[in-house]
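Residue strings, one per chain:
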Amino acid sequence: MRAVVDVRPHPVVPWSPMFLVVLAFLAFFSIALPDSMLGVAWPAMRAEFGQPLGAAGLIPPLGVAATLVSTAIAARLAARIGVGRLLALSTLLSAGALVVGAASFRFEHFLISVVLTGLSAGAIDATINAYAARTFGPRRINLLHAAYVVGAAASPLLMTATLQSGLGWRLAFAIVAAAQLALGLFFLAVQRRWPTLPATQEGRRKRGSWRNHRPADVSLGLLTVAVQTGIESSVALWAFTYLTLGIGVAPVLAGTLASGYWLAMFAGRVVLGWLAERTGAWPVMGGAVVGLVAAGGLALLGTPLAAMSAVLLFGLAAAPLYPLLTLTTAERTSVAAADTVVGLQAGASSLGAATFPLLVGLAMDRSVTAFAPAIAGLCLVAAALQLVLQVRRRSRTP
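Residues numbered from 1 in each chain as written. Predicted model: local features only at pLDDT ≥ 70, side-chain atom pairs only at ≥ 80, totals over all residues. Heavy atoms only, no water.

### Let's talk about the overall build of the chain
Right, so step 1: When you go through the chain residue by residue, the secondary structure sums to 15 helices and zero strands.
Right, so step 2: Relative to its 398 residues, the chain shows a buried fraction of 52%.
Right, so step 3: Summarising the internal contacts of the chain: among those between residues at least 6 apart in sequence, 84% fall at separations of at least 24.
Right, so step 4: Approximately 16700 Å² of the chain is accessible, and the part contributed by carbon and sulfur atoms is 70%. (Helix = DSSP H or I, 4+ residues; strand = E, 2+ residues; numbered from the N terminus. Buried < 20%, exposed > 50% of the residue type's maximum accessible area, 1.4 Å probe, protein only. Contact = heavy atoms within 4.5 Å. Areas by Shrake-Rupley, 256 points an atom, 1.4 Å probe, with all protein chains shown as cover.)

Here it is, written out as structure tokens:
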């Protein structure tokens, strides 16, 4: 019988300073705020900018392009100027971007703020994920991503409150900018308290790029992250439309379920992160993709009860996948390449979140009910990719 060996390359560090953990959570909470505000704010914004409703389609590609640039270079910048300073500068850049957005009276000027926000968010995403992959366990890294979900759910409420009060969308941007400024200054004050990068990172730069460290596994991980995030974002964007126009669910109930999707994802990251702490990341990831396939099967049934159950199960099953894929990056590739690959995976996540919802939307242009087979197909792809990851891992286990 083959012995079971713990091959996790980055042991949990339970004595990691708690305030750094809290700051990491706050940073992830903060990067969710600007993007999540836009959906609620756009009708009012486009009226002021004199733009058609479809002009919002220009915003995601610019944001994603900027995010891809910053995630690709985040590891090198962190090695050069330090994790704390990079986070501080990126957060201050986010505050500045939000000020530019709030002060914009032309759509072209607002697009500048979108690019700046993407550059900031990408660097924070990649750097915090790399830090978490080195020092967090399954529970903490899932809680980190749960903080992002809270931010994604909170900012639309803030924007709604300012709009309903008659104070306008600019005030919400200004409030978030002030919060980012305060966090950025705090990051700046404690920058020296962040740990320096491990010696392996300097060695990684001398030995070559990630292409020298299991490039096939790197590419497989990037594709897995992109598909998983694509499922997550597609359900978030299209579930309400599918339930109301495709299945006939009442709008109030469908809206409740759309919020329930985020609640299920938050609960999944809390509960399944705790479970992964005890069983290991790989069994939880395997169970999660089984849950995704089951959710896709429920959606294909096409009945109201099955479709509503599928939305909640999608949120629960998708919850732990990206955090645990981040946590296992070094195990799947190498310790030396891990920080760079984590950054590339953050970029792949942004690309998947922009691409797959678009493709699902194009399918739904023909028929709203195409949501179900499109998502079910993506879930099967995610399961197949996870199976390949598991097989390749077992083949390397002594």
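After that view of the structure, there is still more to cover.
### Focus on the packing of aromatic side chains
Right, so step 1: By the definition in use, this model includes five aromatic pairs.
Right, so step 2: Aromatic pair Phe 28 and Tyr 148: ring centres 6.4 Å apart, planes at 70°, arrangement edge-to-face. Highlighted residues: Phe 28 in helix α1 (residues 18-49) and Tyr 148 in helix α5 (residues 138-164), separated in sequence by 120 residues.
Right, so step 3: Take Tyr 148: its relative accessible area is 29%, and that puts it in the partly exposed class.
Right, so step 4: On the basis of an interplanar angle of 70° and a centroid distance of 6.0 Å, the ring pair of Phe 110 and Phe 173 is categorised as edge-to-face. Remark: Phe 173 occurs in helix α6 (residues 169-189) and Phe 110 occurs in helix α4 (residues 107-135); sequence separation between them is 63 residues.
Right, so step 5: Members of the aromatic cluster, connected to one another through ring pairs, are Phe 110, Trp 169 and Phe 173.
Right, so step 6: Directly above the ring of Phe 105 sits Arg 170, whose terminal nitrogen or CZ lies 4.1 Å from the centroid. (Phe/Tyr/Trp six-rings, centres within 6.5 Å; stacked < 30°, edge-to-face > 60°. Lys NZ or Arg CZ within 6 Å of the ring centre and 35° of its normal.)

### Some points on the pattern of salt bridges
Right, so step 1: Counting across every chain of the model gives three salt bridges.
Right, so step 2: Residues Arg 106 and Glu 108 are paired through a salt bridge, measuring 2.8 Å at the closest nitrogen-oxygen approach.
Right, so step 3: A salt bridge links Glu 232 to Arg 269; the shortest N-O distance between them is 3.7 Å. Residue Glu 232 is found in helix α8 (residues 215-247), and its partner Arg 269 is found in helix α9 (residues 251-279); the two are separated by 37 residues along the sequence. (Salt bridge = Lys/Arg side-chain N within 4 Å of Asp/Glu carboxyl O.)

### Some details on the nonpolar core
Right, so step 1: One finds Ile 128, Trp 194, Leu 243, Leu 292 and Phe 314 to be the most contacted residues of the largest nonpolar core, which totals 83 residues.
Right, so step 2: Per-element accounting of this core gives the leading share, twelve residues, to α8.
Right, so step 3: Beyond its immediate sequence surroundings of up to four residues, Phe 314 is in contact with Val 235, Tyr 261, Leu 292, Ala 295, Gly 296, Ile 375 and Cys 379.
Right, so step 4: With 20 residues, the next largest nonpolar core counts Met 159, Trp 169, Ala 172 and Ala 177 among its residues. (Core = buried A, V, L, I, M, F, W, Y, C linked by side-chain atoms within 4.5 Å.)

### Points about the confidence of the model for the chain
Predicted coordinates in areas of low pLDDT are best not read in detail.
Right, so step 1: On average, residues of the chain carry a pLDDT of 80, and 88% of them reach 70 or more.
Right, so step 2: Throughout residues 1-16 the model reports pLDDT below 50, and contacts reaching past four residues in sequence, or to other chains, amount to 30 contacts.
Right, so step 3: For residues 199-208, every residue scores under 50 in pLDDT, and the model assigns this stretch 15 contacts once sequence neighbours within four places are set aside. (pLDDT = per-residue confidence, 0-100.)

### Some remarks on the packing of α8 against helix α14 (residues 338-366)
Right, so step 1: Between α8 and α14, the shortest axis-to-axis distance is 6 Å and the interhelical angle comes to 40°. For the element pair α8 / α14, the angle class is oblique. α14 is crossed by α8, and the crossing has right-handed handedness.
Right, so step 2: Among the residues making up the contact of α8 with α14, the classes are represented as 16 nonpolar, ten polar and no charged. (Axes fitted to C-alpha atoms, helices over the stretch in contact; angles between N-to-C directions. Parallel < 35°, antiparallel > 145°, perpendicular 65-115°, else oblique. Left-handed = near helix turned anticlockwise from the far one by under 90°. Nonpolar A, V, L, I, M, F, W, Y, C, P; charged D, E, K, R; others polar.)

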